[in-house]
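# What the coordinates show
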Amino acid sequence: MAKGGLFEVCLVLALLPIVNPFFIINEKRGINGGFTCATCTVALGLVEQLAGIHNETVAMSLERLCTYMPLQYQVYCKLGIQYFGPIIIELFENNETPDVICHSLKLCYTEKGSDTCHLFPEPKHGLHKGIKRGQERMKRHLIQTFEKDLANILLRKFDICSLPGLKYLCDYLERIFDEHQPGEDLDGDGFSIISTLRGSSWRGKDCHDLVADYHPGARPVDSDRKRDSNCNGIYGVDPESGQPYEDKFCSETGSIGVVTLGDSVGAHFHAPPQWFTPSEITKDTFANLSFVIENEGDWPQLSASTGYKNISWPIISGPTRSVYHRLKLRNRCNHRDYNNLAVNGANSFDLQKYQKRFKRHIQRDQPALVILELVGNDVCNHYPDTLKHMTTTEDMQKNINGTLHYLASQLPKGSHLLMIGMADGRFLYKYLHERYHPIGQYKKDVTYPDLYKWFSCLQVTPCQGWLSTNSTLRDLTSQRSKELSQVMKDMAKQYNHTYPNFDIGYIDCPIGQLFVEWEKTHGPGTGWQLIEPVDGFHPNQMANAMFSDIVWDYLERNLPGFLGKENPHNEEILKIFKDQGGY
């Protein structure tokens, strides 16, 4: 749920730190080097530990990591080793820590009035002495390696994208993280034929990318006698009755799609722990690296709201159960009608911008069940004075009103809005504060409180209020979260019958309930098994499935009208159209 940037840290192994183009994303956020510093520190920590695990030199460990990368990234990896491998190796051989080396590279620094940030334990000779010594070595290395003018520039401010051969990659990745629009969409209807870059992982796969009116969720054109205009795989005419299959199987069943508006919980952010656990890094660890990057570190195809497939890759596993998939099984005419517009770091203010990427034609498209989830970012920020930067109840009401008015201009008649309240994030510290982070498991030297302190020092924490050892601050953050949830709950009741095309429901955030249910089966204190270990912040794959279970159960018991009818023709559809074109 962190605003931008958290993904940079979670992708440090996409490339070696010295060539990692994620430095350019939100590089100005934070202090003391911010995310650039964080990326460098974590990656060099992994390089050092790989050397110990495999009983090899740091030079060999750098080379090992480089060869583990997919081929398209190895060229950048080798560039990094060429430019900065020698100085990194030299500093490690002089018993410097990753923190010291990143300060020596000037990717980390100490601003006036700030503490010197470090993740790992200080070296025996002291952090400041190590940094001074390392910077002197770094200066000599730059002057020896680069022409004088470039060396002087790098000594003042190190911009990784200024290095030869890296600007293209930097620009490419910046486009991915900034636009959140399909990377390939020829007809401009918001749907794509590719899976990543906001394609079918996020929105139903387009079946006609040259015709804007033909897309998932569209009302069928001419009953889809000749072409599948709504991409649900049902088209043609029954040869016995002469009736179009769309009319026969779908016209009276109340088709409905699923739309998600929200933050990284809705998008299902997942940073593979295998990338940060040196003992688990192998040549297969990064096989799906490009897929992860192009999906912004998110896994919407496995999420609680729009998940539709089960996969078991080395970097993610667990059941997929979602609201969309259940609606599809309930009525196969809903096939491919999902649209996940969640954005990492979004809060109710950001929603005013991102919600405009949702377009549903009132006359030409089917109704939709819109799931609005803003689990934490209205109270989560990276500022030291975090309470002053939290959304107020007045602003929350104003922002939700803006969303309601926009949806009223887009949603077809018969649609529904389900608002999900905010979380009580105190469970994060409760379950994790005595555990080691993946980066610290090998040497038993980095706990989650260590991570919290380091993030706060850099001002890159995803949530200053909850990722804190200060219990009073955690309580105050939860109190504000409760107040903002009450605003949504009250507005759902107040405006339920205000808009002619949709009604409104509300459910408290299911995260607290799923921990209770998990511990009933697995025992007290086991809730950590439901939290993403890398960021220590998001619900993992199992938790997403349970989140969906709770939401679906609530809808069935309290808002059954939101789910539409169960299609009596499902078996016939399956028999004739098989997987309906898949995904």
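Under the annotation held in an unreviewed UniProt entry, the chain carries the name Acyloxyacyl hydrolase and is attributed to Lingula anatina.

Turning to the state of the cysteines, a few remarks are in order. Here a disulfide denotes a covalent bond joining the sulfur atom of one cysteine to the sulfur atom of another. Within the structure shown, the criterion is met by 6 disulfides. Each sulfur in the disulfide pair Cys 40 and Cys 102 lies 2.0 Å from the other. Here the S-S torsion is close to -95°, and the disulfide linking Cys 40 with Cys 102 is therefore left-handed. Here the residue Cys 40 occupies a position in helix α2 (residues 34–53), and Cys 102 occupies one in helix α5 (residues 98–104), the gap between them amounting to 62 residues. Given a relative accessible area of 0%, Cys 102 falls into the buried group.

With 6 of its 6 residues buried, strand β1 (residues 257–262) lies for the most part within the structure. Bridging between β1 and strand β3 (residues 368–373) involves 6 bridges; their strand directions are parallel. Bridged to Gly 262 within β3 is Glu 373. As defined by bridge partners, β1 adjoins strand β2 (residues 338–340) across 3 bridges and the pair is classed as parallel. Looking across to β2, one finds that Thr 260 is bridged to Asn 340.

Locating Ser 305 in the fold gives a position in the loop between α11 (289–294) and α12 (323–330). At 2.7 Å, the side chain of Ser 305 and the side chain of Thr 260 are in polar contact.

One finds Leu 369, Leu 404, Leu 417, Met 419 and Trp 454 to be the most contacted residues of the largest nonpolar core, which totals 132 residues. Top contributing element to this core by residue count: α2, with 10 residues. Taken domain by domain, the makeup of this core includes at least three residues from each of domain 1 (7–177) and domain 2 (257–572). Here Leu 417 is in contact with Val 370, Leu 372, Leu 404, Leu 407, Phe 502, Asp 503, Ile 504, Gly 505 and Phe 562, once residues within four sequence places are set aside. With 7 residues, the next largest nonpolar core counts Tyr 245, Phe 249, Cys 333 and Phe 577 among its residues.

For any two aromatic rings, the description comes down to two numbers: the centre-to-centre distance and the angle of the planes. Scanning the entire structure with this criterion turns up 16 aromatic pairs. Both rings, one in Tyr 308 and one in Tyr 583, keep their centres 4.2 Å apart while their planes meet at 25°; by these two values the pair is stacked. You can see Tyr 308 sitting in the loop between α11 and α12 and its partner Tyr 583 sitting in the segment after α20 (570–577), a full 275 residues away along the chain. Residue classification places Tyr 308 among the buried positions, given a relative accessible area of 10%. Its relative accessible area of 26% is what places Tyr 583 among the partly exposed residues. For the pair Tyr 499 and Phe 502, a centre-to-centre distance of 5.0 Å together with 5° between the ring planes defines the contact as stacked. A network of ring pairs unites the aromatic residues Tyr 235, Tyr 245, Phe 249 and Phe 577 as a single cluster. Over the face of the ring belonging to Trp 202 we find Arg 198, whose NZ or CZ atom lies 3.6 Å from the ring centre. Here Arg 435 stacks its cationic end above the ring of Trp 528, 3.6 Å away from the centre of that ring.

Here is what the cut-offs are and how they apply
Residues numbered from 1 in each chain as written. Predicted model: local features only at pLDDT ≥ 70, side-chain atom pairs only at ≥ 80, totals over all residues. Heavy atoms only, no water. Disulfide = S-S within 2.5 Å. Helix = DSSP H or I, 4+ residues; strand = E, 2+ residues; numbered from the N terminus. Buried < 20%, exposed > 50% of the residue type's maximum accessible area, 1.4 Å probe, protein only. Pairing = 2+ DSSP bridges. Polar contact = N/O pair within 3.5 Å; in protein donor to acceptor, adjacent residues only side chain to side chain. Core = buried A, V, L, I, M, F, W, Y, C linked by side-chain atoms within 4.5 Å. Domains from an automatic or database assignment. Contact = heavy atoms within 4.5 Å. Phe/Tyr/Trp six-rings, centres within 6.5 Å; stacked < 30°, edge-to-face > 60°. Lys NZ or Arg CZ within 6 Å of the ring centre and 35° of its normal.

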